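Reading the structure
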Amino acid sequence: MSSSSYPEKIVFFQKEIVKKISLKDQFRLERKAMRSISFDDPEQVYLSEEQQALYAIDICEGNLFFDSELYYLDGEYNFVLTCEEAPRILCDKTLHHSYLANGKKVLACGTLVFKEGALIEMTNNSGHYKPTDEEMLAVIKALYVASGKTLLNYISYCTVKPEIYSVADLESSNDFATAVSLEERVVGNIGDNLSVISKSQEDEEEEEYLELNRVVSSSSDYDEKLVVNGVQVEIHTEENEPSQTSEPREEDKSKEVTKFSERRFGRNMSENLTIKYRKLLEGNSFFQSLPKQAEQVTTSVNLTA
């Protein structure tokens, strides 16, 4: 599909989506290799349009999400939202985003988390497409509507330490510049409380605050639960670190919350895959013929010179 073939204006669950996300440059070799072989080739990993239908998700009555065999979704899935007049959500627990999307542009991608068919969480965690928060915002709002507002959290992987956002808050945001993560809200609330409590309480609260900062700032993923204002969010605790109920070590009290500017997701394609895809291209008769054609043109030019 050429760039001119993509629809300019797309509406998905009452939300207009204008941003289109392209496969990142380091994976174009993968796409080129897959384009060079047929869909029945054993090396083919991209889904054909017919195969994509098997991974398409239906949203049924009650705002529940079902697969093509009418089983409700449960757990975490990779997903893409196809860039079509009638966008489709394609999901699988293991397939890469580029495989699901056939290397084409998408409207959104990352992961979706379901509980017995209800959508409760989504992320932008995709190394092949690396969608920004701004690129995801319209789709976050659309899926909030599609889920019947069961979608609670959006986790952004645009930084080394993922940031968790309340989707209900994002629904009223025009951009991410004003968005406040749940962690920032927790720290802000604790800071506000510290300014009005007594001195003895202040010492106790400060220790809890520093301990929370220490645990959250050391995180690069989230695997434990923390309830904040009635909303369950996740934090990460290293196995060799004390629990939140333990007294913080003196050296930990001086630690500040680390701010990251790097992207956590998105690694370059492995050397083994690079070699594999180059061999596929070298073995393809069409691509093999290109240098010969160029040589013939050069010879022809020399003869007529």
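Relevant structure appears above.
Below, the structure is looked at part by part. (Residues numbered from 1 in each chain as written. Predicted model: local features only at pLDDT ≥ 70, side-chain atom pairs only at ≥ 80, totals over all residues. Heavy atoms only, no water.)

On to the pairing of strand β5 (residues 75–82), then. Counting buried positions along β5 gives 6 out of 8 residues, so the element sits mostly inside the fold. Direction of pairing for β5 relative to strand β7 (residues 106–115): antiparallel, over a ladder of 8 bridges. Note that in β7 the partner of Thr82 across the bridge is Val106. With 4 bridges joining them, β5 and strand β6 (residues 89–92) adopt antiparallel strand pairing. Across the sheet, Val80 pairs through a bridge with Leu90, a residue of β6. With antiparallel pairing between neighbouring strands as the criterion, β5 and β6 make up a hairpin whose turn holds 6 residues. (Buried < 20%, exposed > 50% of the residue type's maximum accessible area, 1.4 Å probe, protein only. Helix = DSSP H or I, 4+ residues; strand = E, 2+ residues; numbered from the N terminus. Pairing = 2+ DSSP bridges.)

Among all positions of helix α1 (residues 28–35), only Leu29, Glu30, Ala33 and Met34 are buried. Projection of α1 onto a plane perpendicular to its axis shows the buried side chains occupying an angular sector of 135°, all on one side. (Arc of directions from axis to C-beta.)

What follows covers the pattern of salt bridges. The full count for this structure, using the stated rule, is 7 salt bridges. Across the salt bridge formed by Arg28 and Asp25, the nearest N and O atoms sit 3.2 Å from each other. The partner of Lys161 in a salt bridge is Glu163, and the shortest N-O contact between them spans 3.4 Å. On the accessibility criterion, Lys161 (2% relative accessible area) is buried. Look at Glu163 and you get buried, because its relative accessible area is 16%. In this structure, a network of salt bridges that share partners links the residues Lys161, Glu163 and Glu183. (Salt bridge = Lys/Arg side-chain N within 4 Å of Asp/Glu carboxyl O.)

Attention now goes to the sheet that holds β7. The strands making up a sheet associate through backbone hydrogen bonding, with each pair oriented either parallel or antiparallel. With respect to topology, 6 strands assemble into an open sheet ordered β6-β5-β7-β8-β9-β10, the strand pairing being mixed. The sheet is open, and its two edges are formed by β6 and β10 (163–166), each paired on a single side. The average undirected angle you get between the axes of adjacent strands in this sheet is 30°. Sheet strands in contact with helix α4 (residues 133–146) are β5, β6, β7, β8 (118–123) and β9 (153–156), and its direction is about 50° off that of β7. (Axes fitted to C-alpha atoms, helices over the stretch in contact; angles between N-to-C directions. Contact = heavy atoms within 4.5 Å.)

Coordinates in, geometry out; function isn't part of it.
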